[in-house]
Amino acid sequence: MKVFHRYNSTIHGNYRKAYLRCGLITGVLLAAYVLVRLLMGTPLESPTSYVSDAVILVAVVLFTAFYRNTLPEKKITLKEAMLFGIGLSVTASFIYGVALWAIGFAHPQQAVLFTNTVTAQEITMQEPQLHYWAAWWGIYSFMLMALLGSFGAFVAAIFLRNEKAEIKTRNK
């Protein structure tokens, strides 16, 4: 366990408040994409797509850079960038998952399309467990987007950190 206590890093800003704001913006943007496509008459075939993947990854990198620029002296450690990025991705994924559940519940044809294309099961609008499918797609998208966003947070933290944590040394 000594390896976990070897570093002394400094948190320079209020990353919790920042990742909640940025995660809210990203989650609403992801949900708006699904809703706009549904209202245009071309609903998404899968709750995760290249567009939603790109949105979460680009948002994590850009918001991490934005957060770094708001800090005093613009210094950020790997730890702070990781905490910010993971918080942002989990918050955005949670909002996106809840929005997908609500959209699938309000517009059952979206949940039917997700189920028919992703699982290759043929269900109809008269399926008695359709509300469970809507909840499943919310949980599924939450997990996948949180994992992808956390990976993006790791990459962003490596490239955007500009301060190294101090290493504690013990003299024996």
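Residues numbered from 1 in each chain as written. Predicted model: local features only at pLDDT ≥ 70, side-chain atom pairs only at ≥ 80, totals over all residues. Heavy atoms only, no water.

Asks: Looking at this model, I keep getting lost on the overall build of the protein. Mind explaining?
Replies: Each helix and strand in the protein was counted, giving 5 helices and 2 strands. Going from N to C terminus, the protein has its helices and strands arranged as β-α-α-α-α-α-β. When each of the 172 residues of the protein is scored for burial, the buried share is 37%. Restricting the contact set of the protein to residue pairs at least 6 apart, pairs at least 24 apart contribute 80%. Working note: accessible area of the protein is about 10,300 Å², and carbon and sulfur atoms make up 66% of it. (Helix = DSSP H or I, 4+ residues; strand = E, 2+ residues; numbered from the N terminus. Buried < 20%, exposed > 50% of the residue type's maximum accessible area, 1.4 Å probe, protein only. Contact = heavy atoms within 4.5 Å. Areas by Shrake-Rupley, 256 points an atom, 1.4 Å probe, with all protein chains shown as cover.)

Asks: Help me out: how do you make sense of the packing of aromatic side chains in this one?
Replies: The geometry of an aromatic ring pair is captured by the separation of the ring centres together with the interplanar angle, meaning the angle of the planes. For the structure on display, the rule yields 9 aromatic pairs. When the ring of Trp-136 is compared with that of Tyr-140, the centres are 6.0 Å apart and the planes differ by 40°; the resulting orientation is tilted. One end of the pair, Trp-136, and the other, Tyr-140, are both in helix H5 (residues 130-160), 4 residues apart, so they sit about a helical turn from each other. Residue Trp-136 is classed as partly exposed on the basis of its relative accessible area of 40%. Note on Tyr-140: relative accessible area 25%, which makes it partly exposed. Put simply, the rings of Phe-114, Trp-133, Trp-136, Trp-137 and Tyr-140 pair up and form one aromatic cluster. (Phe/Tyr/Trp six-rings, centres within 6.5 Å; stacked < 30°, edge-to-face > 60°.)

Asks: Can you walk me through the packing of helix H3 (residues 78-106) against helix H4 (residues 108-118) in this structure?
Replies: Packed helices, taken two at a time, are described by the angle their axes make and the gap between the axes. Axis separation between H3 and H4 bottoms out at 4 Å; the angle between their running directions is 110°. Accordingly, the angle class assigned to the pair H3 and H4 is roughly perpendicular. Mapping the contact onto sequence places Leu-100, Ile-103, Gly-104, Phe-105 and Ala-106 in H3 and Pro-108, Gln-110, Ala-111 and Phe-114 in H4. Across the contact of H3 with H4, the residue classes tally to 7 nonpolar, 2 polar and no charged. (Axes fitted to C-alpha atoms, helices over the stretch in contact; angles between N-to-C directions. Parallel < 35°, antiparallel > 145°, perpendicular 65-115°, else oblique. Nonpolar A, V, L, I, M, F, W, Y, C, P; charged D, E, K, R; others polar.)

Asks: Which parts of the structure should I look at to understand the side chain of Arg-68?
Replies: Note on placement: Arg-68 falls in helix H2 (residues 50-70). Notably, Arg-68 is buried but unbridged: the nearest opposite-charge side chain belongs to Glu-80, and the N-O separation is 10 Å. With residues near it in sequence (within four places) discarded, Arg-68 still touches Lys-74, Ile-76, Leu-160 and Asn-162. (Lys, Arg positive; Asp, Glu negative; His and termini not counted. Salt bridge = Lys/Arg side-chain N within 4 Å of Asp/Glu carboxyl O.)

Asks: I keep staring at the packing of H2 against H3 and nothing clicks. Help me out?
Replies: The contact between H2 and H3 brings their axes to 10 Å, and the two run at 140°. Here H2 is positioned oblique relative to H3, judged by the angle of their axes. Crossing handedness for the pair H2 and H3: right-handed. Contacts between H2 and H3 involve Ser-52, Ile-56, Ala-59, Val-60, Phe-63, Thr-64 and Tyr-67 from the former and Glu-80, Ala-81, Phe-84, Gly-85, Leu-88, Ser-89, Ala-92 and Tyr-96 from the latter. (Left-handed = near helix turned anticlockwise from the far one by under 90°.)

Asks: For this particular structure, what's the right way to read the environment of Met-125?
Replies: Looking at the secondary structure, you find Met-125 in the loop between H4 and H5. Each residue touching Met-125, except ones within four places of it in the same chain, is listed here: Pro-108, Gln-109, Val-112 and Leu-130.

Asks: Any chance you could explain a nonpolar patch on the surface here in plain terms?
Replies: On the surface, Leu-78, Phe-154, Ile-158 and Phe-159 cluster together into a nonpolar patch covering about 400 Å² of accessible area. Take the nonpolar patch: its biggest share by element is 3 residues, from H5. In this fold, Leu-78 is placed in helix H3. For Leu-78, a relative accessible area of 35% translates into the label partly exposed. (Patch = residues over 30% accessible without salt bridge, like charges linked within 9 Å, V, L, I, M, F, W, Y side chains within 5 Å.)

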